[in-house]
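Coordinates in review
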Amino acid sequence: MVEIALLSVAVLVILLTLGVPLPYCFGAGLMTMYFAGDVIMKGNMLWGFQQLGNPVLLAIPLFVLAGTIMSVSGIAASLLNFVNIFIGHLRGGLGVVATVSCALIGAISGSGLTGVAAIGPLLIPEMEKQGYPRAYATALIANASLLGLLIPPSVTMIVYGWVTDTSILACFLATLGPGLLIMSSFSVVNLRLARKFDLKLEDRPRGKAFVQEASHRGFKATPALLMPVIILGGIYGGIMTPTEAAAVAVIYAIPVGFLIYRGLDAKTFLGAGKEAATSVGAIMLMILFSMILSQMFVLESVPQELVEAIFSITENKILLLILINILLFLVGMVVNDVTAIILIAPLLLPLMEAIGISPIQFAAIMGVNTAMGGVTPPYASILYLGARIGKVPVTQVIRPAMILILFGYLPVVFLTSFWSDLSLFIPRLFGY
């Protein structure tokens, strides 16, 4: 069955590289398992539809809707304006503002695409005016938008917790440490690279004028700043489940967007709802087919056979972790993060537990590896969206994006794999 499962995955990957829509790719994988492996479909289909009724999955469309509303309502612009008063005047400071803003957006929306969609149109022109190359500004914002997949709440961690039966709150906390470290490393790399640019810096107000301006911007940003406080405080304080927090995010964003920042009107609100519904429809159909495919693998004992096959090559923990990181990186290059987690997590979790890696640390390992696929071609959905928003050819964006990945992201990937405290320290504080 391992050979048949690999054939199914090969069919899936080939169709993905040809640009076939994701649900059809997984459907073809299911057909391969059905005809080549003589697997019964009726029970698996019923099981798949039953899984879609899980209340945990309701958090995904709600967070997608909240992020879409936030990107058009003015919440993102208000956060950006507030952060900029403190470090926007420094050489490279505007790049740090972009990175921190994407982290803040990620702490609200749980999506990587929201960060580049909300911050890109605002900051890319401003960074170009200050002297940053437009391709670099686009690459930095696209890379920093990956923080939306790591800074909790995260849609990918909701899916991981669901498919592996792991506490979703523990998964959120596991990626928080790596996410904050990546935010810091991107900021440091940006400050180093900014020395090469001929930047035109503006003078920051001093003394009383600075306090007045910071207070003014802080007051205007208060409704936007309260959003992550309410959501994250509710989740970590045990007041709300992730699904309830996602609902609160939507309920909070609508009046704030309509009445305070006035970025929402009937047209933009309906447009945001339509965009979110389209995205969610594709995501849920993909989840249905991919879950059925994963269940087939489990029923046919493919994970156990895969573990035995890998252990026949080597039992060295360090070498196995390196091989698994390479595998996750390659998978992330051809499929999105949610697809990779649904497909790979159930297969690799028994192997990770066999070498002493807890499901919570594995959540962080999968999170940082699969998120990287958003900016590594050929998949690179976040990078392509950033290039469209920045109005720059993708070929010009790839080089600065890979520099940021090489020096700012990859070191954290290996730290997450080999230094367990990076992903487990915060969960342990909360009793996980």
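The numbers attached to residues start from 1 for each chain and follow its sequence in the written order. In view of the model being predicted, local features appear only for residues whose pLDDT reaches at least 70, and side-chain atom pairs are presented and counted only at 80 or more, with totals across whole chains, interfaces and linings using the full set of residues. Working from all heavy atoms in the structure, the side-chain values ignore hydrogens and water.

**Points about the nonpolar core**
The nonpolar side chains of a soluble globular protein tend to be buried with one another. For the purposes of this section, nonpolar cores are sets of buried Ala, Val, Leu, Ile, Met, Phe, Trp, Tyr and Cys residues that join through side-chain atoms within 4.5 Å. Each residue is assigned to one of three classes by its accessible area relative to the maximum for its type, calculated with a 1.4 Å probe on protein chains only: buried under 20%, partly exposed between the two thresholds, exposed over 50%. Counting 141 residues, the largest nonpolar core has Ile 75, Ile 141, Tyr 160, Ile 287, Phe 362 and Tyr 409 as the members making the most contacts within it. Per element, the largest residue contribution to this core is 13 residues, and it comes from helix H13 (residues 266-299). Any two residues whose heavy atoms approach within 4.5 Å at even a single point are treated as in contact. If near-sequence neighbours (up to four positions away) are discounted, Ile 75 is found in contact with Met 70, Ala 224, Met 227, Ala 253, Val 256 and Tyr 261. If you look at the next biggest cluster of nonpolar residues, it comprises five residues, including Ala 170, Ile 360, Ala 364 and Leu 424. Where helices and strands are cited, they refer to DSSP runs of H or I of at least four residues and of E of at least two residues respectively, numbered from the N terminus.

**Things to note about the side chain of Arg 217**
When you line up the elements, Arg 217 lands in helix H11 (residues 208-236). Dropping the residues within four chain positions of it, Arg 217 is found in contact with Asn 81, Phe 82, Asn 84 and Ile 85.

**Thoughts on a nonpolar patch on the surface**
Only residues whose relative accessible area exceeds 30% and that form no salt bridge are eligible for patches; like-charged ones are grouped when within 9 Å, while nonpolar side chains (Val, Leu, Ile, Met, Phe, Trp, Tyr) are grouped when within 5 Å. Surface accessibility follows the Shrake-Rupley procedure with a 1.4 Å probe radius. Residue values consider only the protein chains on display as shielding. Counted as salt bridges are all cases of a side-chain nitrogen of Lys or Arg within 4 Å of a carboxyl oxygen of Asp or Glu. Taken together, the side chains of Ile 318, Leu 319, Ile 322, Leu 323, Ile 326, Leu 330, Phe 414 and Phe 418 define a hydrophobic patch exposed on the protein surface, amounting to about 690 Å² of accessible area. Secondary structure elements with two or more residues in the nonpolar patch: helix H15 (317-334) and helix H19 (394-418). A per-element tally of the nonpolar patch places H15 first, with six residues. Among the secondary structure elements, Phe 418 is positioned in helix H19. Looking at Phe 418, the relative accessible area reads 38%, which means it is partly exposed.

**Some thoughts on the packing of helix H17 (residues 359-372) against H19**
Interhelical geometry of H17 versus H19 gives an angle of 160 degrees and a closest axis separation of 9 Å. Here H17 is positioned roughly antiparallel relative to H19, judged by the angle of their axes. In the packing of H17 onto H19, the handedness of the crossing is left-handed. Only Ile 405, Tyr 409, Leu 410, Val 413, Thr 416 and Ser 417 of H19 make contact with H17, whose side of the interface consists of Gln 361, Ala 364, Ile 365, Gly 367, Val 368, Asn 369, Ala 371 and Met 372. Just so you know the grouping, Ala, Val, Leu, Ile, Met, Phe, Trp, Tyr, Cys and Pro go in nonpolar, Asp, Glu, Lys and Arg go in charged, and all remaining residues, Gly too, go in polar. Tallied by class, the residues present in the contact of H17 with H19 amount to nine nonpolar, five polar and no charged. Comment: axis = line fitted to C-alpha atoms, over the contacting stretch for helices; angle = value between 0 and 180 degrees taken between N-to-C directions. Roughly parallel covers angles under 35 degrees, roughly antiparallel covers those over 145, roughly perpendicular covers 65 to 115, and oblique covers all other angles. Put simply, a crossing is left-handed when the front helix is turned counterclockwise from the back one by less than a right angle, and right-handed when it is turned clockwise.

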